[in-house]
Amino acid sequence: MTTSSPIARQDTMTDQPRLRIRGLKKSFGDRTVLNGIDLDVPAGKSTVIIGGSGNGKSLLLRCILGLIEPDEGIIEIDGENILRASRRRREALLGRIGMLFQNAALFDSMSVLDNILFGLQAKGSGGSRKEQEQEALNLLSRVGLGAHVAPLNPAELSGGMQKRVGLARALAGRPDILFFDEPTTGLDPIMSAVIDGLISSCVTRLGSTALTITHDMTSATRIGDHAAMLYGGKIIWQGPASTLMDSGNPIVDQFTHGRREGPIPTSSMTASSSTGN
Amino acid sequence: MRALTLPFILLGRGVLGGLRHAGALSLFALRGLAGVLRLPFHGQIILSCLLEIGFLSLPVVALTAIFSGAVIALQSYTGFSHYHAQNAIGGIVVMSITKELGPVLAGLMVAGRIGAAIAAQIGAMRVTDQIDALSTLATDPVKYLVTPRLIAGILALPFLVLVADILGVAGGFIVAVGKLGFSPALYMHTTFASLHSHDVLVGLLKAAVFGFLITLLGCYEGYHSRGGAEGVGRAATATVVASSILILAFDYLLTDLFFTA
């Protein structure tokens, strides 16, 4: 079940997608990075976006999160266009979102515990300080880390542990939408499997909607229910993640199988997108 | 033809770039100051910034002030002794320190010590996505990072300058009495005779402006840094250079405003 027309696919869906993107465009100077993105992210499912370096995957996430203003387009969460929402309303919508950055982006001036407490307090979690600390330790335990790491600084942790703490912080406040920016980059295969397992459990056990940006095919097929490929500033393919390795689309097939020959010129994979601030 | 127009094109680009930069800096300053009006009030962060900018800068500012006062006393004695006007040294030291050297030297010292540190701290947060992480945690990064530093800069610099004023005069006193053989009572008499509250208050006002400029530039350059460690280094350098120039420029403007009327 694959399609090259996301809008046509939307017409066949009965449930409203949790996240709906239409005609999203973003350019930097004369370089167009996103050139009319159309994407639906169904509620309670894990969607994976694949694409080469410099194709704008992280930029797409930053536009959805409001970190970068797109030039045009629509981004709706449960039918509400966040680009037209007031700042207060946008902050409220962001409160429903958890984000795990590629490098975890833990606050290095704070301990692990304080990083998670920051997430809890920022998302308006009530209770006394003691209750919040207990909740933070529960979150650490959920990502497989013991209380002994709570007083450590992020710099004292390995890359995999930092990712897990980042995930614990992202889960603070029980967000119903989770974004993951290349969650397994730089991790060994075992730690990648651990992180993938945690992402899958967020979707299956917590009922969250997940959107993951990755170019790790093993991870994409392991965690994704749905998959889409971003190429040339557009979503060129989307379908079930189980068909990712056998999509029938020559561009997707070249990318997923890592072939040098094919419709994707290797020179287009080297440029890195400028996401600005 | 192109050779003739090229200088004007470059000049125009330079002017437009400067205006764009000034506009962006002004809007950033307004966003930072507007953070004071919105909850939550990050009192603990403000206290921590006050400690960093004010208390921990005390040694460097104190030493600078003591030696400046001592040098002014020594140099004034050398020059004034030709005209038998040595008794004016106490007045010269206190006026130089309170009107100019206290605020300017403290400002330059803090620009080097704190401006660069702020730019590096916030720049490192920018290039490691920590600022974006704040946004995704429903926290306004300008209010969280910039507003407390602006408040601390405005409050801490006058405190440092007050200390610099006292220690600068003390430095002059030590040299005048200990080395040049002045009577302590006479030196203090000429000092107090030349000490005017207007001079001290304008000096403190200058200090508040310098504190605002140093922290603003540090935050602005750090917030907009890009390009990894090299970008953070550039932000720190740009902060020290720009804030040093602006301190001297604003010193002239404020002196013209308050002392030449």
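- As recorded by an unreviewed UniProt entry, chain B carries the name ABC transporter permease and is attributed to Bombella mellum.
- For the record of chain B, the UniProt heading Function (unreviewed entry) holds the text "Could be part of an ABC transporter complex."
- Taken verbatim from the UniProt record of chain B, the Sequence similarities (unreviewed entry) comment is "Belongs to the MlaE permease family."

1. Section: the overall build of chain B
Stage number 1. When helices and strands are counted, chain B shows 9 helices and 0 strands.
Stage number 2. Shown N-terminal to C-terminal, the secondary structure of chain B runs as helices and strands in the order α-α-α-α-α-α-α-α-α.
Stage number 3. Across its three principal directions, the C-alpha atoms of chain B cover 65 × 60 × 35 Å.
Stage number 4. Each of the 261 residues in chain B was classed as buried or not, and the buried ones make up 45%.
Stage number 5. A separation threshold of at least 6 residues defines the contact pool for chain B, and within that pool the share at least 24 residues apart is 88%.

2. With respect to the sheet that holds strand E1 (residues 19–28) of chain A
Residues and elements named next belong to chain A.
Stage number 1. Across the sheet, which stays open at both edges, the 4 strands sit in the order E2-E1-E4-E5 with antiparallel pairing between neighbours. Pairing within the sheet leaves two strands with one partner each, and these edge strands are strand E2 (31–41) and strand E5 (80–81).
Stage number 2. Where E1 and strand E4 (residues 72–77) come together, 5 bridges link them in antiparallel fashion. Paired with Ile-21 across the strands is Ile-75, a residue of E4.
Stage number 3. Set on the sheet, helix H2 (residues 57–64) makes contact with E1, E2 and E4; between it and E2 the angle comes to about 65 degrees.

3. Observations regarding the pairing of strand E10 (residues 234–240) of chain A
All names here are of chain A.
Stage number 1. The pairing of strand E9 (residues 226–231) with E10 spans 6 bridges and is antiparallel. In the strand pairing of E10, Met-229 is matched with Trp-237.
Stage number 2. In textbook terms, the turn of a hairpin is the stretch between consecutive antiparallel strands, and for E9 and E10 this stretch comprises 2 residues, one of which, Gly-232, has a positive phi near 65 degrees.

4. Here's the deal with the pairing of E4 of chain A
All names here are of chain A.
Stage number 1. Of the pairings in the sheet, the one linking E4 to E5 comprises 2 bridges and is antiparallel in character. Each bridged residue has a counterpart across the sheet, and for Glu-76 the counterpart in E5 is Asn-81.
Stage number 2. The antiparallel hairpin formed by E4 and E5 contains 2 residues in its connecting segment, where Asp-78 sits at a positive phi of about 50 degrees.

5. A word on the environment of Gly-124 of chain A
Stage number 1. With respect to the element layout, Gly-124 of chain A can be found in the loop between helix H4 (112–122) and helix H5 (129–142).
Stage number 2. Taking the C-alpha atoms as reference points, Gly-124 of chain A and Gly-95 of chain A, separated by 29 residues in sequence, lie 8.6 Å from one another.

6. Overview of the sheet that holds strand E3 (residues 46–50) of chain A
Residue and element names in this part refer to chain A.
Stage number 1. One open sheet accounts for 6 strands, arranged E6-E7-E8-E3-E9-E10; its pairing is mixed. Unpaired on one side and paired on the other, strand E6 (97–100) and E10 mark the two borders of the sheet. Across the sheet, the mean angle separating the axes of adjacent strands is 15 degrees when strand polarity is ignored.
Stage number 2. Both E3 and E9 contribute to a ladder of 4 bridges, which runs parallel. By the bridge assignment for E9, Thr-47 is matched with His-226.
Stage number 3. Lying on the sheet, helix H6 (residues 159–171) is in contact with E6 and strand E7 (177–181); it crosses E6 at an angle near 170 degrees.
Stage number 4. Here helix H7 (residues 189–206) sits on the sheet and contacts E3, E7 and strand E8 (209–214); the angle it forms with E8, its principal contact strand, is near 155 degrees.

7. Notes on the interface of chain A and chain B
Stage number 1. Facing the 17 residues of chain A at the interface are 12 residues of chain B.
Stage number 2. Sorting the residues of the side of chain A that touches chain B by element identifies helix H3 (87–94), E6 and H4 of chain A as the ones contributing at least two each.
Stage number 3. Among the elements that make up the side of chain A that touches chain B, the one with the highest residue count is H4 of chain A (3 residues).
Stage number 4. A class-by-class count of the residues in the side of chain A that touches chain B yields 10 nonpolar, 5 polar and 2 charged.

8. Focus: the UniProt feature "transmembrane region" (unreviewed entry) in chain B
All names here are of chain B.
Stage number 1. Per the UniProt record, the feature "transmembrane region" (unreviewed entry) sits at residues 45–74, 150–180, 200–220 and 232–254.
Stage number 2. Taken as a whole, residues 45–74 contains 87% helix and 0% strand, while its terminal C-alpha atoms sit 43 Å from one another.
Stage number 3. Secondary structure across residues 232–254 comprises 100% helix and 0% strand; the distance between its end C-alpha atoms is 32 Å.

9. Notes on the environment of Thr-209 of chain A
Residue and element names in this part refer to chain A.
Stage number 1. Within the fold, Thr-209 resides in strand E8.
Stage number 2. The spatial distance from the C-alpha of Thr-209 to the C-alpha of Ser-46 is 6.0 Å, given a sequence separation of 163 residues.
Stage number 3. Contact partners of Thr-209, with chain neighbours within four places excluded, come to Arg-18, Val-41, Ala-43, Gly-44, Lys-45, Asp-176 and Ile-177.

10. Examining the confidence of the model for chain B
Parts of the prediction with low pLDDT should not have their coordinates interpreted in detail.
Residues and elements named next belong to chain B.
Stage number 1. Averaged over every residue, the pLDDT of chain B is 90; residues scoring 70 or more account for 100%.
Stage number 2. When the elements of chain B are averaged for pLDDT, helix H7 (residues 184–194) gives the smallest value, 89, and helix H8 (residues 197–223) the largest, 94.
Stage number 3. Across the interface, the model reports ipTM at 0.81; the global pTM reads 0.83.

11. Details of the packing of helix H4 (residues 89–127) of chain B against helix H6 (residues 141–178) of chain B
All names here are of chain B.
Stage number 1. Taken N-terminus to C-terminus, the directions of H4 and H6 make an angle of 145 degrees; their axes are 7 Å apart at the nearest point. H4 and H6 meet at a crossing whose hand is right-handed.
Stage number 2. Taken together, the residues of the contact of H4 with H6 break down into 18 nonpolar, 6 polar and 2 charged.

12. Here we look at unusual backbone geometry
Residues and elements named next belong to chain A.
Stage number 1. A positive phi angle, near 50 degrees, is found at Asp-78, a position not held by glycine.
Stage number 2. Its place among the elements puts Asp-78 in the loop between E4 and E5.
Stage number 3. Taking the number of C-beta atoms within 10 Å as the measure of exposure, Asp-78 has 14 and is therefore partly exposed.

13. A few points about the nonpolar core
Stage number 1. Ranked by internal contacts, the top residues of the largest apolar core, which has 136 residues, are Ile-116 and Met-229 of chain A together with Ala-106 and Leu-160 of chain B.
Stage number 2. Per-element accounting of this core gives the leading share, 20 residues, to H4 of chain B.
Stage number 3. Residues in contact with Met-229 of chain A, not counting those within four places in the same chain, are Ile-50, Gly-51, Ile-235, Ile-236, Trp-237, Val-252 and Phe-255 of chain A.

14. Some thoughts on helix H1 (residues 2–34) of chain B
Stage number 1. If you check H1 of chain B, its first and last C-alpha atoms are 46 Å apart, about what 33 residues at 1.5 Å a residue would give, namely 48 Å.
Stage number 2. For H1 of chain B, the buried fraction is low: 1 of the 33 residues fall into the buried class.

15. Describing the environment of His-257 of chain A
Residues and elements named next belong to chain A.
Stage number 1. By the element assignment, His-257 lies in helix H9 (residues 250–257).
Stage number 2. For His-257, a count of 11 C-beta atoms within 10 Å gives the class exposed.
Stage number 3. Linking His-257 and Met-245, residues 12 residues apart in sequence, is a C-alpha distance of 7.1 Å.

Reading guide: rules and limits
Residues numbered from 1 in each chain as written. Chains lettered and ligands numbered in written order. Predicted model: local features only at pLDDT ≥ 70, side-chain atom pairs only at ≥ 80, totals over all residues. UniProt positions renumbered as here; feature names shortened; annotations may be inferred. Helix = DSSP H or I, 4+ residues; strand = E, 2+ residues; numbered from the N terminus. Buried ≥ 20, exposed ≤ 12 C-beta atoms within 10 Å, placed from the backbone. Contact = placed C-beta atoms within 7 Å. Pairing = 2+ DSSP bridges. Axes fitted to C-alpha atoms, helices over the stretch in contact; angles between N-to-C directions. Nonpolar A, V, L, I, M, F, W, Y, C, P; charged D, E, K, R; others polar. pLDDT = per-residue confidence, 0-100. Left-handed = near helix turned anticlockwise from the far one by under 90°. Core = buried A, V, L, I, M, F, W, Y, C linked by C-beta atoms within 7 Å. Expected span 1.5 Å × (residues − 1).

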